[in-house]
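One-letter residues, chain by chain:
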Amino acid sequence: MEAAHNDLLQQIARLSETYGNLADRLWQAAKQLQDSGLPPSDSLLQEVATYSRNFATVQKQALELNKSAIAPGEIASLKDIQNLVQTVAASEGKAEIRDAALKVLDRVLAIAHREQSDFAPLQSVHAKARELHRAISESTPTQLHSDAESLVSGKHPVSAVLALVEQQDKLDDEQWVILEETVSAAFGKQIAVAISRSKLTIAQMVKAAPAKVEPALKAAPQPKMGAEPLPEVIVIPSGNVAPKQVAVAPQIQILESPAPSAPMHEVIIVPSVEVPKSLQTTGSGNIVFGAPRSTEQVPVEGTLGIKVLAHIQGIGDRTFGSQEYAGTKAQGRRVEGFAINIDPPIPGFNVEYMAHVEGVGDTPWLSEGELAGFRGQAKRIEGFAVRPCGPQADKYDVFYTAHIQNIGDTDVSSNGEYCGTRGKALRIEGIKVWIAPSANSQPAASVGLKVLAHIQGIGDRTFSDREYAGTRAQGRRVEGFQIKIEPPVPGLNLQYMAHVEGVGDTAWIESGELAGFRGKAKRIEGFAVRLTGPEADKYDVFYTAHIQNVGDTPVTANGQYCGTRGKGLRVEGVTVWVQAKG
């Protein structure tokens, strides 16, 4: 359909180049007819007839493209036909994009937390999705909401949340990092961590899934079997004894592996299910699950190396790395003490930590390597906190969670927030700690632009940043333009204004709105662009113009006017780009 629009606009442009000259010759012929009775030449009459046929053809094609009840009499001029075709071209496909964007938002609103119905970071995503859903639903078919395209293309932060939840097993490392950075920048790191731990799911998908083993095993805090009977289990005794079929008891307890020295008597093969982390065993063990889906957590990109020592009831000291779970689950073992070290050390940066200990209360803040808690006193840790310190502390964030008796995994805490309970006599059974560079210390993101220019005789054309948007040596004026940051950068936006023939300076308008006009044949004579938002001080916006009889202007930046006023000179093209400050 786009090819049909372009072809028709080219026909209109050719007729536009013809009718001016034809009008002049008809005026001369009319004057001769009036003065001396000389009739118009046959060739001139033939040209008029040809023009009339061509006009009727483009008029008919324009009405067919529009697919509306507009009568030919309402499209009385070539300019009317051009405006009609440009309007149809501009709105072509917008309805499909609008519907697709609403479907994306519907799926985002169906995302749920597996354990917390009031998970605050997800609520902020839902609030943004509802706001966009309402705005897009209320937009007219010819005025596509500025965020609809980025939602459909997957470049919007809300779409990035959906992609991580729906496709995390299919994404490669590079795709995961890009999406995770987008989500963290827009909605905070906590939701990105929750997604990486498979805490979020599409509620509608869960409802539609067959009620087999998997939903029963995922129930929290204790696994209970549903009403449906499990498939049969094949029990294979050791030796050369034939397999036998047995019925499954209503409750199945998944046991921990025996010691490596213990003799193996039987291997139980269970049909493929997803095993929740709280029920996973260590080592090869005696229990084999058929091809379970991986439930390992995706590491956070860029985390620092650390060592976490945990003193565990009945086990003693064990050392773990960044993001490793330090402790046990489903064994009733308390963590009695812990110590943290950054490994390898980072000059100017370290951590401090404290713990709430049974019968003692809160410990003081301790330095790296010191034990928070006790060895040999059988006292449980009930809560803890970790915070960055040192001259470089503002460049890093420290995150941590705990697995608590009768509660399960906590939300992610950070930078000194308390994680756990007080006064409830509930033991911590494991902790997980990791450190990542602070978002505030990261270099400014690169910024891409989409520049739409409405060009005389051509119509709308879209260009990218640093791309020349317009024509040269064709005498065509730029009649309007709009600029969008694509993909969006959280905290960064832009505004622009234009000096328009017969109108003067427009007001500063927001990203995505048209500066200038379509269908009024008014030239842009100059313009300016400026950045807005909390992140604006990290970037500069630069732009130039190609001006009639002048040529290319010097590079202008950050709201300075580029062009002329009062000289009747058209802007024939513009170039715009955004660059992070050095």
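A brief structural summary. Position numbers for residues start from 1 in each chain and track the written sequence from start to end. Since the coordinates come from a predicted model, pLDDT governs what is reported: local features require at least 70, and pairs of side-chain atoms require 80 or more to be given and counted, while whole-chain, interface and lining totals use all residues. Heavy atoms throughout the structure, all of them, feed into the side-chain values; hydrogens and water do not.

1. A few points about the sheet that holds strand β14 (residues 372–373)
The line we're drawing: Any two strands with at least two DSSP-identified bridges between them are counted as paired. Where helices and strands are cited, they refer to DSSP runs of H or I of at least four residues and of E of at least two residues respectively, numbered from the N terminus.
Taken in spatial order, the four strands of this open sheet run β8-β7-β10-β14, and their pairing is antiparallel. Of all the strands in the sheet, just β8 (316–321) and β14 have a single pairing partner and so form its edges.

2. Digging into the sheet that holds strand β24 (residues 478–485)
In spatial order, the strands read β22-β21-β24-β28; together these four strands make up an open sheet with antiparallel pairing. Each having just a single partner strand, β22 (459–464) and β28 (515–516) make up the two edges of the open sheet.

3. Examining the environment of D317
For the record, the criterion: Note on exposure labels: buried denotes an accessible area under 20% of the residue type's maximum, exposed denotes more than 50%, and partly exposed covers the range between, all computed with a 1.4 Å probe on protein chains only. Residue contacts are defined here by distance: any two heavy atoms, one from each residue, within 4.5 Å place the two residues in contact. Pairs of N or O atoms are called polar contacts if they sit within 3.5 Å, as long as, within protein, a hydrogen donor faces a hydrogen acceptor (for residues adjacent in sequence, only side-chain-to-side-chain pairs).
With respect to the helices and strands, D317 occurs in strand β8. Residue classification places D317 among the partly exposed residues on the basis of a relative accessible area of 30%. For D317 and V335, which are 18 residues apart along the polypeptide, the C-alpha to C-alpha distance reads 9.9 Å. If near-sequence neighbours (up to four positions away) are discounted, D317 is found in contact with L309, A310, H311 and R375. Reaching out from D317, the side chain makes a polar contact with the side chain of H311 at a distance of 2.7 Å. Among the polar contacts listed, one links the side chain of D317 to the side chain of R375, at a separation of 2.9 Å.

4. Side note on the packing of aromatic side chains
Each aromatic ring pair is characterised by the separation of its centres together with the angle its planes make. For the record, the criterion: Working definition: a ring pair exists when centres of Phe, Tyr or Trp rings (six-membered ring for Trp) sit within 6.5 Å. Plane angles under 30 degrees give stacked, over 60 give edge-to-face, the rest tilted. Only lysine NZ and arginine CZ atoms are considered, and such an atom sits over a ring when it is within 6 Å of the ring centre and within 35 degrees of the ring normal.
Scanning all chains against the criterion turns up nine aromatic pairs. For the ring pair F481 and F527, a centre distance of 5.5 Å and an interplane angle of 70° mean the geometry is edge-to-face. Here F527 lies in strand β29 (residues 524–532) and F481 lies in strand β24, a separation of 46 residues in the sequence. Taken individually, F481 and F527 each receive the classification buried, so the pair is uniform in this respect. Put simply, the rings of F338, Y353, F384 and Y400 touch in pairs and so form one group of aromatic residues. Just above the ring of Y325 sits the side chain of K329; from NZ or CZ to the centre is 4.6 Å. Note that R472 overlies the ring of Y468, its terminal NZ or CZ placed 4.0 Å from the centroid.

5. Topic: the environment of I346
Topologically, I346 is positioned in the loop between β10 (335–342) and β11 (350–357). The exposure class assigned to I346 is partly exposed, which follows from its relative accessible area of 23%. Each C-alpha atom of the pair I346 and L304 lies 9.3 Å from the other, and the pair is 42 residues apart in sequence. In this structure, I346 is in contact with L304 and Y396, ignoring residues within four places of it in sequence.

6. Digging into the packing of helix α4 (residues 94–109) against helix α7 (residues 157–167)
Convention followed: With axes taken as lines fitted to C-alpha atoms, and helix axes fitted only over the stretch in contact, angles between N-to-C directions fall between 0 and 180 degrees. Note on terminology: angles under 35 degrees are roughly parallel, angles over 145 are roughly antiparallel, angles of 65 to 115 are roughly perpendicular, and the others are oblique. Throughout, a crossing is termed right-handed when the near helix is turned clockwise from the far one, and left-handed when it is turned anticlockwise from it by less than a right angle. For this scheme, ten residues count as nonpolar: Ala, Val, Leu, Ile, Met, Phe, Trp, Tyr, Cys and Pro. Four count as charged, namely Asp, Glu, Lys and Arg, and the remainder, Gly too, count as polar.
Running from amino to carboxyl end, α4 crosses α7 at an angle of 60°, the nearest separation of the two axes being 10 Å. In terms of their interaxial angle, α4 and α7 are classed as oblique. Crossing angle aside, the handedness with which α4 passes α7 is left-handed. Contacts between α4 and α7 involve V104, L105, R107 and V108 from the first element and V158, S159, L162 and E166 from the second. Looking at the contact of α4 with α7 residue by residue, the classes come out as five nonpolar, one polar and two charged.

7. Observations regarding the pattern of salt bridges
Threshold: Salt bridge, as used here: a side-chain nitrogen of Lys or Arg that lies within 4 Å of a carboxyl oxygen of Asp or Glu.
Summed over all chains, the structure comprises 27 salt bridges. Here R565 makes a salt bridge to D505, at a shortest N to O gap of 2.9 Å. Here R565 is found in the loop between β33 (562–563) and β34 (571–580), whereas its partner D505 is found in strand β26 (residues 504–505), with 60 residues between them in sequence. When its relative accessible area of 42% is taken as the criterion, R565 is described as partly exposed. Across the salt bridge formed by E525 and R523, the nearest N and O atoms sit 2.8 Å from each other. A network of salt bridges, in which partner residues are shared, links E115, R197, K199, K329 and D409.

8. Some thoughts on α7
With respect to burial, α7 is a largely interior element, nine of its eleven residues being buried. Turning to α7, its buried residues number three or more, namely P157, V158, S159, A160, V161, L162, A163, L164 and V165.

9. Some thoughts on the side chain of T575
Counting through the fold element by element, T575 comes out in strand β34. Beyond its immediate chain neighbours, meaning those up to four positions away, T575 contacts R466, E467, Y468, F542, Y543 and T544.

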